[in-house]
Every structure is written in structure tokens, then in C-alpha cells.
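# A structural walkthrough
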Amino acid sequence: MPGIIRFGVSIESGLLERYDKLISRKGYESRSEAIRDLIRDHLVQEDWKLGTREAVGIITLVYNHHTRELADSLTHLQHDHYRSIVSSMHVHMDAHNCLEVLVVRGKPSNIKKIADRLMGTKGVKHGKLTLTTEGKRFE
């Protein structure tokens, strides 16, 4: 396999047993693929910390749509950042609660500011920013 390097890892037997059970539950076919995913995740986290590369994130918001002016506030904030918000999806969870999912792209610091502003809007019950990457560096 071109570009593949084998290396050894020393690990305590109990830790390896627990790891094998975990990766089995998650459906990994091999330890190697699970370790590659761990490495990729650490690289993505490092890119976000450094903030120099284009990044992608997913912002999720849960809120009661009956909260006065909340939906309008969230819409205005999204329009203020239309260049960074690639896509959005609105889901009616029940008669009162909504889930909003936004895909954002740009510099990590800008994405974090957008997420903080949206999640900090009065009436938002829960918000989360999930960090990811465009994937170009993993090809």
C-alpha cells in the first residue's frame, strides 16, 4: 500500500481490551482505522485552536418558538452572517420547540463568534458548536 507506514504502539493490556470493545461497538473493522480517526480528530482540534485554516462547523439551537421575538432575532443574526452560513435547516420538534441546524464556514474565530452570539440569544434553551474540517488535508 503506497503511503502507508506501519508503526508499533506499546499499551497496557487492560486499556487495549477496553479500546477493542469500544471500537467494536462503534463498528470499526480494525484498530488502525480507529487510530487514524483519533489522529484526524486531534488534527482538526489543533487547526481550530490555531485558527489559520478555513474551517467548517455545525451550530445546533433548540428553542421555544413562542418566546417573544426570538425567531426574528435568530433570523436577523443569520442574515448578518449570510456569507458564513452555508445552509440551515429548521425542524419542528413538537408544538412548542424547534431545532435549528446551521452549517457554517470560515475562520474558526469568526465561526465561534457567530455560534456564541446565536447560542447566547435570550430564549435559546440549548446550543452547541460542533467542529469539523473541509477534509482537504486528509486526502
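These remarks concern the structure in this document. Source: prediction; values computed, not measured. (Residues numbered from 1 in each chain as written. Predicted model: local features only at pLDDT ≥ 70, side-chain atom pairs only at ≥ 80, totals over all residues. Heavy atoms only, no water.)

## Comments concerning the packing of helix α1 (residues 13–25) against helix α2 (residues 31–50)
Two numbers describe how α1 lies on α2: the axes approach to 10 Å, and their chain directions differ by 90°. The orientation of α1 with respect to α2, classified from their angle, is roughly perpendicular. Residues L16, Y19, D20 and I23 of α1 form the contact with α2, whose participating residues are R31, A34, I35 and L38. Considered class by class, the residues forming the contact of α1 with α2 number 6 nonpolar, no polar and 2 charged. (Axes fitted to C-alpha atoms, helices over the stretch in contact; angles between N-to-C directions. Helix = DSSP H or I, 4+ residues; strand = E, 2+ residues; numbered from the N terminus. Parallel < 35°, antiparallel > 145°, perpendicular 65-115°, else oblique. Contact = heavy atoms within 4.5 Å. Nonpolar A, V, L, I, M, F, W, Y, C, P; charged D, E, K, R; others polar.)

## Topic: α1
When the terminal C-alpha atoms of α1 are compared, their 18 Å separation across 13 residues agrees well with the 18 Å that a helix rising 1.5 Å per residue should span. Count one or two residues on from α1 and you reach G27, which has phi positive near 90°. (Expected span 1.5 Å × (residues − 1).)

## Considering the pairing of strand β3 (residues 97–106)
Summarising burial for β3: 7 of the 10 residues are buried, a large majority. Examined bridge by bridge, strand β1 (residues 55–64) and β3 share 10 bridges and lie antiparallel to one another. Across the sheet, the residue bridging to G57 is V104, located in β3. What sits between the antiparallel neighbours strand β2 (residues 85–92) and β3 is a turn of 4 residues. (Buried < 20%, exposed > 50% of the residue type's maximum accessible area, 1.4 Å probe, protein only. Pairing = 2+ DSSP bridges.)

## Section: the environment of R83
Residue position: R83 is located in the loop between α3 (70–80) and β2. For the pair R83 and V104, spaced 21 residues apart in sequence, the C-alpha separation works out to 8.9 Å.

## Let's talk about the side chain of N97
Mapping N97 onto the fold places it in strand β3. Excluding its chain neighbours within four sequence positions, the residues that come into contact with N97 are Y63, N64, H65, V91, H92 and K125.

## Remarks on α2
For an α-helix, the turn length of 3.6 residues means that residues three or four places apart are oriented alike. Across its 20 residues, α2 extends 29 Å between first and last C-alpha, which sits within 8% of the 28 Å expected from 1.5 Å per residue. Close packing links the buried residues of α2 with α1, β1, α4 (108–119) and β4 (124–132). Of the residues trailing α2, G51 is marked for its positive phi of about 70°.

## A closer look at the pairing of β2
Two faces belong to every sheet, and in a regular strand the side chains alternate between them. One ladder, built from 7 bridges, connects β2 with β3; its direction is antiparallel. Across the sheet, the residue bridging to M89 is V101, located in β3.

## Regarding the sheet that holds β1
Ordered by their spatial adjacency, 4 strands build an open sheet running β2-β3-β1-β4, and the pairing between neighbours is antiparallel. Lying at the two open borders of the sheet, with one neighbouring strand each, are β2 and β4. The average undirected angle you get between the axes of adjacent strands in this sheet is 15°. Strand contacts of α3: β1, β2, β3 and β4, with the helix running at about 165° to β1, the strand carrying the most contacts. Those strands touched by α4 are β1, β3 and β4, and its axis lies near 0° from that of β1.

On their own, these measurements won't tell you what the molecule is for.
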